[in-house]
Amino acid sequence: AQSVTQLGSHVSVSEGALVLLRCNYSSSVPPYLFWYVQYPNQGLQLLLKYTSAATLVKGINGFEAEFKKSETSFHLTKPSAHMSDAAEYFCAVSAGNTGNQFYFGTGTSLTVIP
Amino acid sequence: EPEVTQTPSHQVTQMGQEVILRCVPISNHLYFYWYRQILGQKVEFLVSFYNNEISEKSEIFDDQFSVERPDGSNFTLKIRSTKLEDSAMYFCASRDTGGGQPQHFGDGTRLSIL
């Protein structure tokens, strides 16, 4: 079985500061991990994915995430926050078998303070 | 870039009425999904669909729900007799074959049950 825990339902950072959004996963098989972003009144947009290749994954909009098996973590980071990064961020895990559902975390709402 | 499209963007229905939510997945994708997101809560899996049949469903997806791919392009979710607690954002997603492929989400249909 798979599950995701996102610590911190709300994160506030100043513009230009480091963004760190936490995601820990549980999986009985090697996981595939994803980060999605949701802007108000929009769907989920893929930021990046981990599929057992490089452990440091770069995504769109300057975001990256590092897969750490020993910590069962897949935290999302961005060196310098921009006002446009304000959104809801969801971590998701999949067993990876084609057709398998995604299990989403509860989401983290990111606020960027000017 | 190909997109998943959902219609309508907002559906208001009286309790007890049937509702059909429509989705057009990305054309070469073979795996289709419905998720829902109750306001302020996480994205929850409802059902996955492949090769014209349901491959997985959650406990939420009870006998009131059904899915169909009527014409090779549309993918629909029907709720036979809506309840107040069905009010949520419903997302359709599709994915390509192969392990680790991300799901691509539509912008959602906001269903409001009165």
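That block above? That's the structure.
Computed from a predicted structure; not experimentally measured.

Caption draft 1: Looking closely at the overall build of chain B. Helices and strands together make up the secondary structure of chain B, namely zero helices and 11 strands. Overall, chain B shows an N-to-C arrangement of helices and strands of β-β-β-β-β-β-β-β-β-β-β. A globule of 114 residues ought to have a C-alpha radius of gyration of about 13 Å, and chain B, at 13 Å, matches this closely. For chain B, the spread of C-alpha atoms along the principal axes amounts to about 40 × 25 × 25 Å. Taken over 114 residues, chain B has a buried fraction of 46%. When contacts within chain B are restricted to residue pairs at least 6 apart in sequence, those whose partners lie at least 24 apart make up 53%.

Caption draft 2: Just the side chain of B:Ser94, in detail. All names here are of chain B. With respect to the helices, strands and loops of the structure, Ser 94 is situated in strand β9 (residues 88-95). Note on Ser 94: relative accessible area 0%, which makes it buried. A distance of 3.4 Å separates the side chain of Ser 94 from the backbone nitrogen of Ile 26, its partner in a polar contact. A polar contact of 2.8 Å, which involves the side chain of Ser 94, links it to the side chain of His 29.

Caption draft 3: Structural detail: the environment of A:Glu71. With respect to the helices and strands, A:Glu71 occurs in the loop between β8 (64-68) and β9 (73-78). Along the backbone, A:Glu71 and A:Tyr25 are 46 residues apart, and their C-alpha atoms lie at a distance of 9.1 Å.

Caption draft 4: Representation of the pattern of salt bridges within the structure. Residues and elements named next belong to chain A. Summed over all chains, the structure comprises three salt bridges over all chains. For Lys 58, the salt bridge goes to Glu 64, with nearest N and O atoms at 2.8 Å. Looking at Lys 58, the relative accessible area reads 64%, which means it is exposed. Look at Glu 64 and you get partly exposed, because its relative accessible area is 22%. For Asp 85, the salt bridge identified is with Lys 78, shortest N-O distance 2.9 Å. With respect to class, Asp 85 is no different from Lys 78; both count as buried.

Caption draft 5: Molecular detail of the pairing of strand β10 (residues 87-94) of chain A. Residue and element names in this part refer to chain A. Most of β10 sits out of view: seven of its eight residues are buried. Judged from the seven bridges that link them, strand β5 (residues 32-38) and β10 form a sheet pairing that is antiparallel. Considered in β10, the bridge of Tyr 32 is made with Ser 94. Of the strand pairs in this sheet, β10 and strand β11 (residues 103-104) are connected by two bridges, and their pairing is antiparallel. The partner of Ala 92 across the bridge, within β11, is Phe 104.

Caption draft 6: Representation of the packing of aromatic side chains within the structure. Evaluation of the coordinates by the stated rule reveals 22 aromatic pairs over all chains. On the basis of an interplanar angle of 55° and a centroid distance of 5.9 Å, the ring pair of A:Tyr36 and A:Phe104 is categorised as tilted. Of this pair, A:Tyr36 sits in strand β5 while A:Phe104 sits in strand β11, and the two are 68 residues apart along the sequence. Among the aromatic residues, those joined into a ring-pair cluster are A:Phe34, A:Tyr36, A:Phe90, A:Phe102, A:Phe104, B:Tyr33, B:Tyr35, B:Phe45, B:Phe91 and B:Phe105.

Caption draft 7: Region of the structure containing the nonpolar core. Counting residues in each nonpolar core, the largest one holds 27 residues, and the members touching the most others are A:Trp35, A:Leu48, A:Phe74, A:Leu76 and A:Tyr89. With four residues, the single largest contributor to this core is β10(A). Listed in part, the 22 residues of the second largest apolar core include B:Val4, B:Leu21, B:Ile60 and B:Tyr90.

Caption draft 8: A look at the interface of chain B and chain A. Taken together, the contact pairs 22 residues of chain B with 23 residues of chain A. At the junction of chain B and chain A, the tally comes to zero salt bridges. Along the contact surface separating chain B from chain A lie five residue pairs in polar contact (both at pLDDT 80 or more). Every element with two or more residues in the side of chain B that touches chain A is listed here: β4 (31-37), β5 (43-50) and β9 of chain B. Split by residue class, the side of chain B that touches chain A holds eight nonpolar, nine polar and five charged.

What counts as what
Residues numbered from 1 in each chain as written. Chains lettered and ligands numbered in written order. Predicted model: local features only at pLDDT ≥ 70, side-chain atom pairs only at ≥ 80, totals over all residues. Heavy atoms only, no water. Helix = DSSP H or I, 4+ residues; strand = E, 2+ residues; numbered from the N terminus. Rg over C-alpha atoms; globule rule 2.2 N^0.38 Å. Buried < 20%, exposed > 50% of the residue type's maximum accessible area, 1.4 Å probe, protein only. Contact = heavy atoms within 4.5 Å. Polar contact = N/O pair within 3.5 Å; in protein donor to acceptor, adjacent residues only side chain to side chain. Salt bridge = Lys/Arg side-chain N within 4 Å of Asp/Glu carboxyl O. Pairing = 2+ DSSP bridges. Phe/Tyr/Trp six-rings, centres within 6.5 Å; stacked < 30°, edge-to-face > 60°. Core = buried A, V, L, I, M, F, W, Y, C linked by side-chain atoms within 4.5 Å. Nonpolar A, V, L, I, M, F, W, Y, C, P; charged D, E, K, R; others polar.

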